[in-house]
Amino acid sequence: MAPTLSTTQFSNPAEVTDFVVHKGNGVKGLSETGIKALPDQYIQPFEERLINKFVNETDEAIPVIDMSNPDENRVAEAVCDAAEKWGFFQVINHGVPLEVLDDVKTATHRFFNLPVEEKCKFTKENSLSTTVRFGTSFSPLAEQALEWKDYLSLFFVSEAEAEQFWPDICRNETLEYIDKSKKMVRKLLEYLGKNLNVKELDETKESLFMGSIRVNLNYYPICPNPDLTVGVGRHSDVSSLTILLQDQIGGLHVRSLASGNWVHVPPVPGSFVINIGDAMQILSNGRYKSVEHRVLANGNNNRISVPIFVNPKPESVIGPLPEVIANGEEPIYRDILYSDYVRYFFRKAHDGKKTVDYAKI
Ligand SMILES: COc1cc(/C=C/C(=O)SCCNC(=O)CCNC(=O)[C@H](O)C(C)(C)COP(=O)(O)OP(=O)(O)OC[C@H]2O[C@@H](n3cnc4c(N)ncnc43)[C@H](O)[C@@H]2OP(=O)(O)O)ccc1O
Ligand SMILES: O=C(O)CCC(=O)C(=O)O
Ligand SMILES: [Fe+2]
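Remember, it's a predicted structure, so these values are computed and weren't measured experimentally.

A.B. asks: Tell me about the site of ligand 2, and please be specific about residues and values.
C.D. replies: The local shell around ligand 2 consists of N218, Y220, H235, D237, L244, L252, H293, V295, R303, S305, P307 and F309. In this structure, an oxygen atom belonging to ligand 2 sits 2.9 Å away from a side-chain N or O atom of R303. Protein burial of ligand 2: of its 300 Å² of free accessible surface, 95% is covered by the chains. Element by element, the count of residues in the shell around ligand 2 is highest for strand β12 (residues 303–311), at 4 residues. Looking at side-chain class alone, the shell around ligand 2 contains 6 nonpolar, 4 polar and 2 charged residues.

A.B. asks: Describe in detail unusual backbone geometry, supporting the description with residues and values.
C.D. replies: Despite not being glycine, N93 shows a phi value in the positive range, around 50°. The phi dihedral of N197 is positive, around 75°, even though this residue is not glycine. Summarising the element assignment, N197 is placed in the loop between α8 (168–194) and α9 (203–210).

A.B. asks: Help me get a handle on the site of ligand 1, residues and values and all.
C.D. replies: The local shell around ligand 1 holds 26 residues, among which K149, S153, R214, R343 and H350 are the closest. K149 has a polar side-chain atom sitting 2.8 Å from an oxygen atom of ligand 1. Between an oxygen atom of ligand 1 and a side-chain N or O atom of H350, the distance comes to 2.9 Å. Contributing elements (two or more residues each) for the shell around ligand 1: β4 (150–155), β5 (212–220), β6 (232–235), β12 and α12 (338–347). With 6 residues, α12 is the single largest residue contributor to the shell around ligand 1. Here the residues of the shell around ligand 1 are counted per class, giving 11 nonpolar, 9 polar and 6 charged.

A.B. asks: Residues and numbers for helix α1 (residues 13–22), please.
C.D. replies: Because an α-helix completes one turn every 3.6 residues, residues spaced three or four positions apart along the sequence face the same direction. Here α1 has its buried residues at V16, F19 and V20. Buried residues of α1, viewed axially, fall in a sector of 85°; they line one side. Turned more than 90 degrees away from the buried face of α1 sit A14 and H22, all of them exposed. Buried positions along α1 lie against α2 (26–32) and β3 (132–136). Structurally, the start of α1 carries an N-cap: the backbone nitrogen of A14 is 3.0 Å from a side-chain oxygen of N12.

Cut-off values and rules
- Residues numbered from 1 in each chain as written.
- Chains lettered and ligands numbered in written order.
- Predicted model: local features only at pLDDT ≥ 70, side-chain atom pairs only at ≥ 80, totals over all residues.
- Heavy atoms only, no water.
- Near = heavy atom within 4 Å.
- Polar contact = N/O pair within 3.5 Å; in protein donor to acceptor, adjacent residues only side chain to side chain.
- Areas by Shrake-Rupley, 256 points an atom, 1.4 Å probe, with all protein chains shown as cover.
- Helix = DSSP H or I, 4+ residues; strand = E, 2+ residues; numbered from the N terminus.
- Nonpolar A, V, L, I, M, F, W, Y, C, P; charged D, E, K, R; others polar.
- Buried < 20%, exposed > 50% of the residue type's maximum accessible area, 1.4 Å probe, protein only.
- Arc of directions from axis to C-beta.
- Contact = heavy atoms within 4.5 Å.

Right under this line is the structure:
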């Protein structure tokens, strides 16, 4: 007979929520109790779990782009083509030292392996800065079903602020990861901008495309019934561009714009997964696509990922770029304050691509 909640140390779902969310043990703590059955609040609606039915393992794959010669036109063309047709691609030979990637992955494991009392210093309630937040799931108070993931979210203000408030155990590696990725990020934004008739990334454009940076350290522990839940539910990012470092475990799936199938993003050693976010979709008036993606839970392995969300400044007003609508194209999005858009995203549970409707005319 399958084990039930009553055969574990928890006698009801409220005790699980208290242990995971309020006491800060996260799903990592829950997984490490040896729990054998998925608590009810993690059971996703049937339609959110049907992934295998739509997964296409052979025919479709997101492009892998070699950036060894970044000034060749074919690289820029491949990036812009992928941004329009997939909203997702992987890059290899991107110039970010592999040691920097290894170091931030090691630092992520070090943070999540801290005792719960240490990690709890960074929960929303305890953190000494709003730039640092340790949490679980996505928006636990708004969600009908929770997600099997813990995270540490770090919003970059300055080195001095990070020095004062970010956890020592992963600070330097995360700062180095941001710093060493900037050149590649600029290059990608230059390709995407030029294709929209943006001549150069001057101060105004830089502030719109890459005015703020948030890094999340994500931890997906072993899950007792991975088929009944998700690591991250269907969503698109609200960034302009996301640079994602994943480990070798796999589980990220992207919705193909061409077929609607869910396509696995296979781990490629030393690569980044890059995806277009909602802000870029809005700035490009829908030419570049932010695309739904999700992460499966895993029954055998712990998994980590480290996305850098490259965003407009919170105080920027974003809407279709003048360069894009200069050709007479009708704007399909209105001007919005970026921080309003992000607050709207964080206020509700993941719900596919619905956030972008907030900006539609
Ligand atoms: C966590 O699981 C995730 C995350 C994602 C993320 C995808 C992205 O694309 S992240 C990139 C978002 N862009 C930015 O952060 C840049 C712009 N930032 C801002 O405008 C502001 O920093 C702010 C986000 C609006 C926060 O403003 P502030 O006034 O300092 O904030 P608070 O009062 O603390 O927060 C307001 C509200 O937002 C929620 N929230 C804030 N930060 C986070 C966070 N890091 N993670 C989760 N939720 C956050 C929170 O609900 C706050 O409300 P409360 O009721 O808790 O006060 C993709 C997929 C995932 O699974
Ligand atoms: O862990 C992953 O592969 C993706 C995570 C993700 O989509 C996010 O943090 O926005
Ligand atoms: Fe995402």
